[in-house]
Amino acid sequence: MSAPYLPSDFLWGAATSAYQIEGAHNADGKTDSVWDTFTRRRRKIRNRENGNIACDHYNRMPEDVALMQRLGLQAYRFSLAWTRILPHNTSALNAKGIDFYNRLIDRLLAAGIRPFMTLYHWDLPQYLEDQGGWTNRDIVGRFEEFVSVSAKAFGDRVKDFIVFNEPMIFLSLGYLLGIHAPGRRGFKSFFSSSHHVLLAQAAGAAVLRSEVAGAQVGTTISATAAYAATNTIPDRAAARRFDTFYNTFYLEPVLTGKYPTEHFPVLKKIERHIRPGDMEKIRYDFDFWGLNTYTRKRVKHSRFIPYIRWRELKNPVGAKETAMRWEIYPEGIYDLLKKYATYESIKKIYITENGAAFHDQLVAGRVADTYRIEYLKEYTAQVLRAKAEGVPVAGYFAWSLFDNFEWAEGYHARFGLIYVDYLTQRRYIKDSGYWYRDFIKSVWQQKAV
Ligand code: FCB
């Protein structure tokens, strides 16, 4: 087989998020986030697990950066825990929390790894949730304050920022359906919080640009390639509603100043939360968009399902799937990249998450996860295919660097390039981690030619 086309102007990295790996949930002045409180509720998380210890990254950070270096990562995407930095309902900063991220950033830079900082990966301070959380419009100012403090603390060394991670996922699961933190339900909470997140996103982005010289400001959306189950008009319309809901609802208002409600009237309910001037405030010319994508969905019209009027088909018989039951469909990432490239104002795209969970087995110190290697090979090939065709995709972050706390799914699904034995906290680079290292290395060798 010929060597794949590996462009030199492309970043290869891996991603994590604070609550999923850090642990140390009440160390050094950190207070509760909504995920700390949510995981204490009954019947919310598989096996009643939580992120109290997780990968203990807070205490093992130097070892973990050394592992990243062994993998040859060029970039590392991580998120800040808001309550380490601003633990109370005041402007008082927690020096120890800031110090942790300073040490992480300094080690990354010393190792030649470019830090990509996500400001918000779902762990809202509980003290803000107690005041209504994202449903309370005042949160926009509180978010700006948090972003400003972070920009001042880290912006001398960090230049790449992701303001939000996946609004659709934390808002639909956490504010509409109640299965993620903070466990709110209903249209009112969903639409008000959605609107406030978009206001906070543009406000936070503006803060970063004004306070950090040379900042590259982006934000990340979740995306799932959607295909109509048949070519009939109702199924095509159902796929379009699905696509609007999951792929463009938090994108188009930012690009155009308008919510994409014309094909999906239920979404018009958001309009009652709009105040004069808001839609202009939501617009923002991001330097890049982050895309997280894992699988695809086939969508069929269903008149029995209220509001959305679609249902998702089961995975095709014989299709390969992951431990999350997500179908492995590599062309999906290509189709999405082509789709987003049609928006003229999208200048640059990073795949900020892509990867697969499996029930990995550690046998004599080794994890032979050939299925994950296959997944990564096929998905990265489709990303590079899109790039070769002119899509402005500039990097790829594998999800995830480590096995970690997968939200309501707890620890049973392992997504890492590195296996974590949660009893001993020992880390083992999986075969897929070694594959990724060699893959990245081969890019450098091609560069040198
Ligand atoms: C995404 C999240 C990330 C992780 C992966 C599997 O939705 O951003 O934290 O849970 O899914």
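Residues numbered from 1 in each chain as written. Predicted model: local features only at pLDDT ≥ 70, side-chain atom pairs only at ≥ 80, totals over all residues. Heavy atoms only, no water.

Peer 1: What exactly am I supposed to notice about the packing of aromatic side chains here?
Peer 2: One pair of aromatic rings is described through two measures. These are the centre distance and the angle between the planes. This model, assessed by the stated rule, comprises 60 aromatic pairs. Taking 6.2 Å as the distance between ring centres and 35° as the angle between the ring planes, the aromatic pair formed by Tyr19 and Trp35 counts as tilted. Here Tyr19 is found in helix α1 (residues 18–21), whereas its partner Trp35 is found in helix α2 (residues 34–38), with 16 residues between them in sequence. For the pair Tyr19 and Trp35, a shared accessibility class is recorded, and that class is buried. When the centroid spacing of 6.0 Å and the interplanar angle of 50° are considered together, the rings of Trp326 and Phe415 count as tilted. With Trp326 in the loop between β9 (310–312) and α13 (331–341) and Phe415 in the loop between β11 (393–399) and β12 (418–421), the pair connects residues that are 89 residues apart, well separated along the chain. (Phe/Tyr/Trp six-rings, centres within 6.5 Å; stacked < 30°, edge-to-face > 60°. Helix = DSSP H or I, 4+ residues; strand = E, 2+ residues; numbered from the N terminus. Buried < 20%, exposed > 50% of the residue type's maximum accessible area, 1.4 Å probe, protein only.)

Peer 1: I tried to follow the sheet that holds strand β5 (residues 216–222) on my own but got confused; where do I start?
Peer 2: Two pairing modes exist for strands in a sheet, parallel and antiparallel, and in both the strands are linked by backbone hydrogen bonds. The strand order around the closed barrel formed by eight strands is β1-β2-β3-β4-β5-β7-β10-β11, and the pairing between neighbours is parallel. Strand-to-strand twist in this sheet, taken as the mean axis angle between neighbours without regard to direction, amounts to 25°. In terms of strand pairing, strand β3 (residues 114–120) meets strand β4 (residues 160–165) through four bridges, oriented parallel. Counted as the bridge partner of Phe116 is Asp160 from β4. Helix α9 (residues 187–211) contacts β3, β4 and β5 of the sheet and is inclined by roughly 170° relative to β4. Against the sheet, helix α14 (residues 370–388) touches β1 (11–15), β10 (349–354) and β11, its axis set at about 165° to β11. (Pairing = 2+ DSSP bridges. Axes fitted to C-alpha atoms, helices over the stretch in contact; angles between N-to-C directions. Contact = heavy atoms within 4.5 Å.)

Peer 1: For this particular structure, what's the right way to read the pattern of salt bridges?
Peer 2: When the charged atoms of two side chains with opposite charge come close together, those side chains can pair. Taken as a whole and assessed by the stated rule, the structure comprises 37 salt bridges. A salt bridge links Asp36 to Lys30; its shortest N-O distance comes to 2.8 Å. Like Lys30, Asp36 is buried. The residue Glu378 makes a salt bridge to Lys320 at a minimum N-O spacing of 3.8 Å. (Salt bridge = Lys/Arg side-chain N within 4 Å of Asp/Glu carboxyl O.)

Peer 1: When you look at the packing of helix α10 (residues 233–248) against α13 in this model, what are you seeing that I'm missing?
Peer 2: Describing two packed helices takes the angle between their axes plus the distance from one axis to the other. Across the interface, α10 lies against α13 with an axial gap of 14 Å and an inter-helix angle of 80°. What the angle tells us is that α10 and α13 run roughly perpendicular. Contacts between α10 and α13 involve Asp243, Asn247 and Thr248 from the former and Leu336, Lys339 and Tyr340 from the latter. In terms of residue class, the contact of α10 with α13 is made up of two nonpolar, two polar and two charged. (Parallel < 35°, antiparallel > 145°, perpendicular 65-115°, else oblique. Nonpolar A, V, L, I, M, F, W, Y, C, P; charged D, E, K, R; others polar.)

Peer 1: Please clarify how the environment of Phe249 should be interpreted in this entry.
Peer 2: Relative to the elements of secondary structure, Phe249 occurs in the loop between α10 and α11 (252–256). Residues Phe249 and Thr261 lie twelve residues apart in sequence; the distance between their C-alpha atoms is 8.4 Å.

Peer 1: In this structure, what is going on with the site of the ligand? I would like to understand it.
Peer 2: Within the structure, the ligand sits among Gln20, His121, Trp122, Asn165, Glu166, Asn292, Tyr294, Glu353, Trp399, Glu406, Trp407 and Phe415. Asn165 has a polar side-chain atom sitting 2.9 Å from an oxygen atom of the ligand. Separating an oxygen atom of the ligand from a side-chain N or O atom of Trp407 is a distance of 2.9 Å. In the complex, the protein chains occlude 95% of the 290 Å² of accessible area that the ligand would expose alone. Considering only residue class, the shell around the ligand consists of five nonpolar, four polar and three charged. (Near = heavy atom within 4 Å. Polar contact = N/O pair within 3.5 Å; in protein donor to acceptor, adjacent residues only side chain to side chain. Areas by Shrake-Rupley, 256 points an atom, 1.4 Å probe, with all protein chains shown as cover.)

Peer 1: What is the right way to read the nonpolar core from this model?
Peer 2: For soluble globular proteins, the rule of thumb is that nonpolar side chains tend to be buried together. If you look at the biggest cluster of nonpolar residues, it comprises 155 residues, and the most contacted ones within it are Trp134 and Phe143. Among the elements that make up this core, the one with the highest residue count is α9 (eleven residues). (Core = buried A, V, L, I, M, F, W, Y, C linked by side-chain atoms within 4.5 Å.)

Peer 1: In this structure, what is going on with the sheet that holds strand β6 (residues 225–228)? I would like to understand it.
Peer 2: The three strands lie next to each other as β6-β8-β9, forming an open sheet whose pairing is mixed. Pairing within the sheet leaves two strands with one partner each, and these edge strands are β6 and β9. Across this sheet, the average inter-strand angle for adjacent strands is 35°, counted without regard to direction. Note that β6 and strand β8 (residues 296–301) share four bridges and pair parallel.

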